[in-house]
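# Secondary and tertiary structure notes
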Amino acid sequence: MIRIGDIIERIEAYNPDYDEELIQRAYIFSAKAHQGQIRLSGEPYLIHPLEVAGILSEMKLDEQTIATGLLHDTIEDTFATYTQLKELFGQEVADLVEGVTKISKMSFESSEDTQAENFRKMILAMTKDIRVILVKLADRLHNMRTLEFQKPESRQRIAQETLEIYAPIANRLGIEWLKSELEDLSFKYIMTEAYQSLEKKIAKSEKERNRYIEFVIRILREKLMENGIAAEVSGRPKHLYSIFKKMQSQNIEFSDIYDITAFRVIVNTVPECYEVLGIIHNLWTPIPGKFKDYIALPKANLYQSLHTTVIGPKGERIEIQIRTHEMHQVAEMGIAAHWKYKEGINLDEKDDKRFRWLRQLFEYQKDLKNNAEFLETIKIDLFPDEVFVFTPTGEVKEFPRGSTPIDFAYSIHTEVGNHCKGAKVNGRIVPLKYLLHNGDSVEIITHPQAHPSKDWLKIVKTSRARTKIRQWIKTQEREQSIQLGRDLLEKETKRYAVSFNKLYKDGALKEIAEAFSLQSVDDLLATIGYGKITPRQVIRRILPPEKLEGEESKPLKKIISKIKRKDQSPILIKGVDNVMIKLAKCCNPLPGDKIVGFITRGRGITVHKANCEKVLDCDPQRLIEAKWKMDENIRHSVRIQTACTDRRGLLAEITKELASQGADILSAHAQITQDHHAVNQFVISIKDLKHLNKIIRALSHIKGVTEVKRLQA
Ligand code: MN
């Protein structure tokens, strides 16, 4: 537990002329105000403002900010008032405490409007005095450090809010350690299991890694000394959340993550940074594309360093950051590194890069009256993992990293997206799957005949583009089906000398649609177009049975099948027969598997396993019930694989067993692996799933066979 004496000592060390009396008085006032209050942890409440002030003193902030840390909860939780604080500690401190109080009342999980309102307040508070947000961040950090004492429901909410709002702000302010700690603490409470398992894995390999780190550091130090460069070299594991994010984004396991350690070389001058880079690249092979020069091109939060990843000793990938002492200070302390707190932010100071983003946020909150738009805009602005590109008129647009020209096209206008034919980036034609880079100048080529395709859904990143493409495809499919349904029904009505137009006009079709529980005539026509209802079924509701001809017309067959095949199909499709049926290659269903039909116009019905991924992706309107016909005589081919030890005669035994089970072998393929194992694949013909399972059981009982499984295709 920190004491006021510790804080005072710390301030003295970096700011000898500070107003010690202010700190002492703030401490005494806070102690009195919070007297008798206890935290959920059971400790006296005063510990919290003390810890917050302690964090602020670690950030080397001025005495007003630290006094605010001590007083930050007094207006909200005690008898103290703004006027009282102003009298005792001056306007500056009173304003700061009031600012923190206002932010503390915000809840970011509330409705969109409240959320937007809260953000607006927070931005205003920050632009008035950035110290408000620094105190709030310190407050949040201590609350996160003691989150275990909160009720479980509150833990989730607070952690989520921290991860979504406060960690990005800390990052935007360039305070690296604070951002990392907030992220790790949030991670721990939001995804406890993932956190603990990762923590365990890291602890397990700790000893070995520490040895490796020391080894690398020793080599680096020696090399730099040889070259006459005075440098501080250090290495430590990256923080858990960043490792977790990497595993997620690259979809890899912990064991496949190479560079979980970041090495850091700190030197005196910028030329030395590049010199060190040269030495390192001479020593170890750099990995192409991994070098980043944030010295020439600082990050938005003013972070500067050289980053490189090399193949280090023992072939391990290691990441090395090279920076000067000054850059290091900025990286660790961010905005706090050289901000003169007393002045507040002068928004007119145009050349002050550090606050350009804040000024931008301020402009947004003034200009964007629509709350949804405002929220979207500032969230993008708080998360720097975005790319900024230019329109042909020089307007800047932001996109999530990984966006393509199609995202860009839809951001201009839905029509531009729907007719996007190609794109030029920096004057050169690029494929539509091109990934936008920072600074690209993008121009979309449209054509009246160009239209979205389903493949676009795989390459777009923004939800706007995705929604618009889906909408277009659905509308198209529906229009086609309505037209087709109309053609079919008109033909059928003609046969019976019934006027389609009359049926339409006098409301008969509307009634029939309702009888089929459909919303509209268009729905009825679309359903006919999909082949789910036959025109005959419609006619039946109009004409008496004696007028109907004997032969049932089979429109679905007409729609979807030109190739007639003998009725060998093992599958029954609800409502129709004699249509062309194909078994889907992706999941190769067998009798006994649960199945579903998918209407592919012109190509018959494709039958998938009911749980096939392709089916889950498709328009449910095009699905149709399907069942297996129980016919013993129909055979199905299926591919199976056996793994076994490579012993003499085993293959013969397997084929004998297959024969005795009544399975014909259509093809066989055997492969011996290096460790004296054999993997055999057979395509066999069988009756149904039951038959297959029996065969699999029989094969697994053969001595030496370790695994038998059915392959999908
Ligand atoms: Mn607090």
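Everything quoted here is computed from the prediction, not taken from an experiment.

A few words on the overall build of the protein. Counting secondary structure elements, the protein contains 29 helices and 20 strands. The burial tally for the protein puts 48% of its 713 residues in the buried class. For the protein, long-range pairs separated by at least 24 residues make up 64% of all intrachain contacts whose partners lie at least 6 apart in sequence. When the accessible surface of the protein is totalled, it reaches about 37300 Å², and 50% of it is carbon and sulfur.

The element strand β14 (residues 595–599) is largely enclosed, with a buried count of 5 among its 5 residues. Because side chains alternate across β14, one face comprises the buried residues I595, G597 and I599, and the other comprises V596 and F598, equally buried. Looking at chain direction, β14 and strand β15 (residues 605–609) are connected through 5 bridges and run antiparallel. Bridging across to β15, I595 finds its partner in K609. The pairing of β14 with strand β16 (residues 623–628) spans 3 bridges and is antiparallel. When the sheet's bridge partners are listed, F598 is paired in β16 with L623.

Let us look at the sheet that holds strand β17 (residues 636–645). Remark on secondary structure: sheet strands pair via backbone hydrogen bonds, oriented parallel or antiparallel. Pairing in this open sheet of 4 strands is antiparallel, and the strands run β18-β19-β17-β20 from one edge to the other. Across the chains shown, the open sheet's two edge strands, defined by having one partner strand only, are β18 (664–672) and β20 (705–711). For this sheet, the mean angle separating the axes of adjacent strands, direction not counted, is 20 degrees. Bridge count for β17 against strand β19 (residues 677–686) is 10 bridges, and the pairing is antiparallel. Within β19, the residue paired with T645 across the bridge is H677. Across the sheet, helix α29 (residues 689–700) lies against β17, β19 and β20, angled at about 160 degrees from β20, the strand it touches most.

As a further point, take the packing of helix α9 (residues 152–172) against helix α10 (residues 176–190). It is the contact of α9 with α10, at a shortest axis distance of 9 Å, that shows an interaxial angle of 160 degrees. Relative to α10, the element α9 is oriented roughly antiparallel. Judged by the twist between their axes, the crossing of α9 over α10 is left-handed. Each of R155, Q156, A159, Q160, T162, L163, Y166, A167, A170 and N171 in α9 lies in contact with α10, whose residues at this interface are L178, K179, L182, E183, S186, Y189 and I190.

Judged by side-chain polarity, F388, F390 and V396 come together as a nonpolar surface patch covering roughly 240 Å² of accessible area. Counting through the fold element by element, F388 comes out in strand β7 (residues 386–390).

Turning to the coordination of the manganese ion, a few remarks are in order. Looking at the metal site, the manganese ion is ligated by H48 (NE2), H72 (NE2), D73 (OD) and D139 (OD), spaced 2.2 to 2.4 Å from it. For the manganese ion, the single-chain donor residues occur in sequence as H-x23-H-D-x65-D. Comparing H72 with D73, the two get one shared label, buried.

Moving on, we come to the pattern of salt bridges. The tally for this structure, following the rule as stated, stands at 18 salt bridges. With a closest N to O distance of 2.6 Å, E181 and R145 form a salt bridge. Here R145 lies in helix α8 (residues 131–145) and E181 lies in helix α10, a separation of 36 residues in the sequence. The exposure class assigned to E181 is partly exposed, which follows from its relative accessible area of 25%. Taking relative accessible area as the criterion, R145 reaches 32% and is therefore assigned partly exposed. A single network of salt bridges, built from pairs that share partners, joins D62, E92, D129 and R131.

An order of β12-β16-β14-β15-β13 is seen for the 5 strands of this open sheet, with the pairing classed as mixed. Each edge of the sheet is formed by a strand with only one pairing partner; in this case those strands are β12 (571–573) and β13 (581–583). Across the sheet, the axes of successive neighbouring strands diverge by a mean angle of 35 degrees, strand direction being ignored. Sheet topology places β12 next to β16; 3 bridges connect them, and they run antiparallel. Across the sheet, residue I573 finds its bridge partner in β16, namely A626.

Once that is clear, we can look at the environment of V52. When you line up the elements, V52 lands in helix α3 (residues 47–58). Using a relative accessible area of 0% as the deciding quantity, one classes V52 as buried. Residues V52 and T68, spaced 16 residues apart in sequence, show a C-alpha to C-alpha distance of 9.3 Å. Apart from residues no more than four positions distant in its own chain, V52 is found in contact with G69, H72, V135, A138, D139 and H142.

With that settled, the discussion passes to the packing of aromatic side chains. Applying the stated rule across the entire model yields 9 aromatic pairs. A network of ring pairs unites the aromatic residues F187, Y195, Y241 and F244 as a single cluster. The ring centre of Y504 lies 5.9 Å from the NZ or CZ of R486, which sits over that ring. Residue placement shows R541 over the ring face of F516; its charged tip is 4.7 Å from the ring centre.

The subject of this paragraph is unusual backbone geometry. Despite not being glycine, K60 has its phi angle at roughly 55 degrees, a positive value. The topology assignment puts K60 in the loop between α3 and α4 (63–71).

The buried fraction of α4 is high, at 9 of 9 residues. Of all the residues in α4, the buried ones are E63, Q64, T65, I66, A67, T68, G69, L70 and L71. The inward-facing, buried residues of α4 abut α1 (4–14), α2 (20–33), α3, α5 (74–77), α6 (82–104) and α8.

Turning next to the packing of helix α21 (residues 463–495) against helix α24 (residues 521–530). The N-to-C vectors of α21 and α24 enclose an angle of 85 degrees; their axes lie 6 Å apart at closest approach. As summarised for this structure, α21 and α24 are arranged roughly perpendicular, according to the angle between their axes. Contacts between α21 and α24 pair E477, R478, S481, I482, L484, G485, R486, L488 and L489 from the former with D522, D523, L525, A526, I528, G529 and Y530 from the latter.

For the rest of this paragraph, the subject is a negative patch on the surface. On the surface, a cluster of negative charge is made up of E9, E12, D19 and E20. For D19, a relative accessible area of 33% puts it in the partly exposed group.

Glancing now at the confidence of the model for the protein. Taken as a whole, the protein shows an average pLDDT of 82; of its residues, 86% reach a score of 70 or greater. The low-confidence segment residues 340–351 (pLDDT under 50) makes 22 contacts with residues lying over four places distant or belonging to another chain. Confidence drops under pLDDT 50 across residues 559–566; counting only partners more than four residues distant or on other chains, this segment forms 22 contacts.

Quick notes on the rules
- Residues numbered from 1 in each chain as written.
- Predicted model: local features only at pLDDT ≥ 70, side-chain atom pairs only at ≥ 80, totals over all residues.
- Heavy atoms only, no water.
- Helix = DSSP H or I, 4+ residues; strand = E, 2+ residues; numbered from the N terminus.
- Buried < 20%, exposed > 50% of the residue type's maximum accessible area, 1.4 Å probe, protein only.
- Contact = heavy atoms within 4.5 Å.
- Areas by Shrake-Rupley, 256 points an atom, 1.4 Å probe, with all protein chains shown as cover.
- Pairing = 2+ DSSP bridges.
- Axes fitted to C-alpha atoms, helices over the stretch in contact; angles between N-to-C directions.
- Parallel < 35°, antiparallel > 145°, perpendicular 65-115°, else oblique.
- Left-handed = near helix turned anticlockwise from the far one by under 90°.
- Patch = residues over 30% accessible without salt bridge, like charges linked within 9 Å, V, L, I, M, F, W, Y side chains within 5 Å.
- Salt bridge = Lys/Arg side-chain N within 4 Å of Asp/Glu carboxyl O.
- Donors = N, O, S within 2.8 Å, 3.2 Å for Na, K, Ca; no water.
- Phe/Tyr/Trp six-rings, centres within 6.5 Å; stacked < 30°, edge-to-face > 60°.
- Lys NZ or Arg CZ within 6 Å of the ring centre and 35° of its normal.
- Lys, Arg positive; Asp, Glu negative; His and termini not counted.
- Charge placed at Lys NZ, Arg CZ, Asp CG, Glu CD.
- pLDDT = per-residue confidence, 0-100.

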